[in-house]
There are 2 protein chains.
Amino acid sequence: MTIDDLATPLLTVDMDIVAANISRLQSYADRHGLRNRPHVKTHKLPLIAHMQMRAGAVGIACQKLSEAEIMASAGIPDIQIVYPVIGRQKARRAASLAGLVRLSIAADSLEVAKGLSHAAASHGTHIDFYVDCDTGWKRTGVQTPADAIALADASHRLPALSFAGLMTYPTSPAVGPWFREVFAGLERIGLSRGVACGGGTPGVLETHNIAEIDEFRAGTYVYGDRSTINNGTGPLESCALRMRTTVVSAPTEDRVIVDAGTKALTTEPPEGSSDERFGYVVEYPDADIFLLEEEHGHIDVSKCASKPSLGETITVIPNNANAAVNMFNTVALHCSTLIQAISPIAARGALE
Amino acid sequence: MTIDDLATPLLTVDMDIVAANISRLQSYADRHGLRNRPHVKTHKLPLIAHMQMRAGAVGIACQKLSEAEIMASAGIPDIQIVYPVIGRQKARRAASLAGLVRLSIAADSLEVAKGLSHAAASHGTHIDFYVDCDTGWKRTGVQTPADAIALADASHRLPALSFAGLMTYPTSPAVGPWFREVFAGLERIGLSRGVACGGGTPGVLETHNIAEIDEFRAGTYVYGDRSTINNGTGPLESCALRMRTTVVSAPTEDRVIVDAGTKALTTEPPEGSSDERFGYVVEYPDADIFLLEEEHGHIDVSKCASKPSLGETITVIPNNANAAVNMFNTVALHCSTLIQAISPIAARGALE
């Protein structure tokens, strides 16, 4: 079976490119003595998580508890949930999960730490606790180094929980002085600083310039998208993920409609791009995907020397790989044009 | 089991409100002698499609072939695909589907009509063909009444296909004169005008003012969202679909983070609204969901008299019900606060 045999819209992943992307980032980590913990929110596939582990990752990062549960069931042994796991029910699920894998969870409040501690103690398991630090992104995270030190200290005193390090997003130059202040405070109270973790694909190849970071989480690098092209993580050729879509209507000379709309490509903007296109058309670089409706992609082809014709299938690099993957139930894994598997995206929609 | 027992983010559907919304629109259709063909892209659930049929719908509308296949397998007897079904493989699937249900397909090109005709003739089945007319929306659709007449005529001459009527989106005042011109042309060539179909929830309750329309497709009315509130289709109380989300972090006085981001609420804007919030918080009307990341919802609570606290679950009316439903694998159907079923969203991700 080849790619051409499958109905569109179709998400395809070139496994040779995936292997090369994994190898390149792991080599970078090894070269600089950094710990590599890939974020699986991009692919949501145990198969690729295992490829990342085999290449040398110390473990994986997950955004949600349900994502972590799926990866644990598939045999991934070391999982960090970089998201506050709150409430009694979720704390119990986390405590149970900690019986299956080495589990760490990052959060910014003592409430979350206490909930996890209580549940883990009841289950006879143990959870590593990371303090989530807001080093400037203004999302989650404790607001000051003093708060980080206090939460590290308090969490470490709780049963069945150990303070294991600091977590932040993204890895920016501001992290250096922020983390140094925490390290000094931890030393004063005699607490080991654990592992300092940064995150994000943009700038991941500069992580070694921030000496305070021991470990990084990157997700998008494995597939690539228009944002990774724009931020210099990798060129077009390193984009493993593509979306195939068919011209279903050609109502005017200048406009064609394809069968990928917001429910396939999503309205994510192209980070770091000067245009506002909803994706890049590989065969027709001058084609402008200028509007998406639920199932209709509007493409202005007025600037194209030759134009895609009715019924033709074209290939799009999505603006945001994470978002596009999350729209599909399955993905076609291929080597060259030969399909290896049509794989369910195991952790798609794993929101809880 | 009650709603409070389920992990967030959680999509809930109040079935009493759904029943009332279905009844209200069907009554409107009956009162004006209009044919009602609900669009199932909103709920994507055979259960609710059957409720709509039982109330008096003439059939359902689907956006994609795979959506139609799922609804046909669930026993819905009359399906219109308001989307061009193109390519040999899909034409064969459509022809096969036509053996199971009364199938109609709308398209704007003779290429699509020929493909369907060829496949249906081979399968010994029959497909009703609707001419998709661009009456001003600039999406798919033939560009002029003359083109519509020509395509109606040509499609009707093909084996295993009958011209069955006109389809347009949305139902706007421009439809009247456009369709009248087609009707006159069809009469000249002795072709029955068939059924004239309009679409869209906004303005659906004004359909009777456009005398040329026989049948309407509406989807969103069944659940309601911020757009239907804004366009006057129904008040807040008629919103059956809600998203429950939990405060996972309260990093500053003015800001909380909830566990619903773009992968739950999507970045759809609130149509017809003066604000740019990514949803309406029922318990805290002054809360401003001002930013979404993949799994993080940022809420400015500075204008709230009382503020949601860490660990609290709040209820959000999404900007766009169709988009939100498409993000979840399951939905909790309830009467009052009692869960009736946690239903897989059967046609979620049915893109092909």
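The structure presented is a predicted model; accordingly, all values stated were derived computationally and were not measured. (Residues numbered from 1 in each chain as written. Chains lettered and ligands numbered in written order. Predicted model: local features only at pLDDT ≥ 70, side-chain atom pairs only at ≥ 80, totals over all residues. Heavy atoms only, no water.)

1. As for the packing of aromatic side chains
- Overall, the coordinates contain six aromatic pairs over all chains when judged by the stated rule.
- Here the aromatic rings of B:W137 and B:Y169 are separated by 5.4 Å at their centres, their planes lie at 85°, and the arrangement is edge-to-face. Of the two residues, B:W137 sits in the loop between strand 6 (127-133) and helix 6 (145-156) while B:Y169 sits in the loop between strand 7 (161-168) and helix 7 (175-188), which places them 32 residues apart along the sequence.
- What makes B:Y169 partly exposed here is its relative accessible area of 27%.
- Across from the ring centre of A:Y83, 5.1 Å away, lies the NZ or CZ of A:K64, which sits over that ring. (Phe/Tyr/Trp six-rings, centres within 6.5 Å; stacked < 30°, edge-to-face > 60°. Helix = DSSP H or I, 4+ residues; strand = E, 2+ residues; numbered from the N terminus. Buried < 20%, exposed > 50% of the residue type's maximum accessible area, 1.4 Å probe, protein only. Lys NZ or Arg CZ within 6 Å of the ring centre and 35° of its normal.)

2. Regarding the pairing of strand 11 (residues 255-258) of chain A
Residues and elements named next belong to chain A.
- The alternating pattern of strand 11 places R255 and I257 on one face and V256 and V258 on the opposite face, and all of these are buried.
- Two elements, strand 10 (residues 241-252) and strand 11, share three bridges in a ladder whose sense is antiparallel. Its bridge partner lying in strand 11, T252 is registered against R255.
- The loop that links strand 10 with its antiparallel partner strand 11 comprises two residues.
- In terms of strand pairing, strand 11 meets strand 14 (residues 297-300) through four bridges, oriented antiparallel. Within strand 14, the position partnered with R255 by the bridge is D300. (Pairing = 2+ DSSP bridges.)

3. Side note on the confidence of the model for chain A
- In the predicted model, chain A carries a mean pLDDT of 97, and the fraction of residues at 70 or more is 100%.
- With a pTM of 0.96, the predicted complex shows an ipTM of 0.97. (pLDDT = per-residue confidence, 0-100.)

4. Side note on the nonpolar core
- The biggest cluster of nonpolar side chains holds 96 residues, and the ones touching the most others in it are A:V18, A:Y223, B:V18 and B:Y223.
- With 56 residues, the next largest nonpolar core counts B:A148, B:A152, B:L166 and B:V175 among its residues. (Core = buried A, V, L, I, M, F, W, Y, C linked by side-chain atoms within 4.5 Å.)

5. Looking at the side chain of A:S117
Residues and elements named next belong to chain A.
- Relative to the helices and strands, S117 resides in helix 5 (residues 110-123).
- Judged by its relative accessible area of 4%, S117 falls in the buried class.
- Within the local environment of S117, its side chain forms a polar contact with the backbone oxygen of P159, the two atoms lying 2.6 Å apart.
- In contact with S117, other than residues within four places in its own chain, are L158, P159, A160 and L161. (Polar contact = N/O pair within 3.5 Å; in protein donor to acceptor, adjacent residues only side chain to side chain. Contact = heavy atoms within 4.5 Å.)

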